[in-house]
Amino acid sequence: MGYKRLSDEELALIKGGEAITISSVLAIMAIGLVAVITFKFFSSTTGKAVFPGGFTFQWD
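Residues numbered from 1 in each chain as written. Predicted model: local features only at pLDDT ≥ 70, side-chain atom pairs only at ≥ 80, totals over all residues. Heavy atoms only, no water.

A. Just the overall build of the protein, in detail. Within the protein, the regular secondary structure consists of 2 helices and 2 strands. Secondary structure of the protein in N-to-C order comes out as α-α-β-β. Computed over C-alpha atoms, the radius of gyration of the protein comes to 24 Å, more than 25% over the 10 Å expected from 2.2 N^0.38 for 60 residues, which places it beyond the range of a compact globule. Among the 60 residues that make up the protein, the fraction classed as buried is 2%. If the 5 positive side-chain charges of the protein are averaged to one point and the 5 negative ones to another, these points end up 9 Å apart. (Helix = DSSP H or I, 4+ residues; strand = E, 2+ residues; numbered from the N terminus. Rg over C-alpha atoms; globule rule 2.2 N^0.38 Å. Buried < 20%, exposed > 50% of the residue type's maximum accessible area, 1.4 Å probe, protein only. Lys, Arg positive; Asp, Glu negative; His and termini not counted. Charge placed at Lys NZ, Arg CZ, Asp CG, Glu CD.)

B. Structural view of the pattern of salt bridges. Within the structure shown, the criterion is met by 1 salt bridge. Linking Glu10 and Lys4 is a salt bridge whose minimum nitrogen-to-oxygen distance equals 3.2 Å. (Salt bridge = Lys/Arg side-chain N within 4 Å of Asp/Glu carboxyl O.)

C. Spatial organisation of the pairing of strand E2 (residues 55-59). One ladder, built from 5 bridges, connects strand E1 (residues 47-51) with E2; its direction is antiparallel. Bridging from a neighbouring strand, Ala49 pairs with Phe57 of E2. Where E1 hands over to E2, the hairpin turn is made up of 3 residues, of which Gly53 adopts a positive phi near 95 degrees. (Pairing = 2+ DSSP bridges.)

D. Just the packing of aromatic side chains, in detail. If you walk through the whole model with that rule in mind, you get 3 aromatic pairs. Plain terms: the ring middles of Phe41 and Phe42 are 5.2 Å apart, the flat faces sit at 85 degrees to each other, and that makes the pair edge-to-face. Summarising the aromatic geometry, the rings of Phe51 and Phe57 are spaced 5.7 Å apart at their centres and angled 70 degrees between planes, so their arrangement reads as edge-to-face. Grouping aromatic residues by their ring pairs yields a cluster made of Phe41, Phe42, Phe51 and Phe57. (Phe/Tyr/Trp six-rings, centres within 6.5 Å; stacked < 30°, edge-to-face > 60°.)

E. Main features of the confidence of the model for the protein. For the protein, the mean per-residue pLDDT works out to 86, and 98% of the residues sit at or above 70. For the protein, E1 is the element with the lowest average pLDDT, namely 80, and helix H1 (residues 8-13) is the one with the highest, namely 91. (pLDDT = per-residue confidence, 0-100.)

F. Representation of a nonpolar patch on the surface. A cluster of nonpolar side chains, namely Ile22, Val25, Leu26 and Met29, defines an oily patch on the protein surface of about 390 Å² accessible area. Its place among the elements puts Met29 in helix H2 (residues 18-43). (Patch = residues over 30% accessible without salt bridge, like charges linked within 9 Å, V, L, I, M, F, W, Y side chains within 5 Å. Areas by Shrake-Rupley, 256 points an atom, 1.4 Å probe, with all protein chains shown as cover.)

Shown next, in the form of structure tokens:
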């Protein structure tokens with residue numbers, strides 16, 4: 001094909017990685033939130049949880 005190698009000046013102008021960085025941060029925050037909710041869910045002695053679709057869990 002007709003690929004052209006970039007010069008050092010053109011390589012210095014390339015900026016990237018912002019989308020991957022924000023995606024990584026949001027993914028880690030979401031995983032942390034789910035981990036905390038799961039820990040609270042399983043460590044409580046009594047409680048009730050209602051999920052979308054009519055799924056209800058209740059324990060004493």
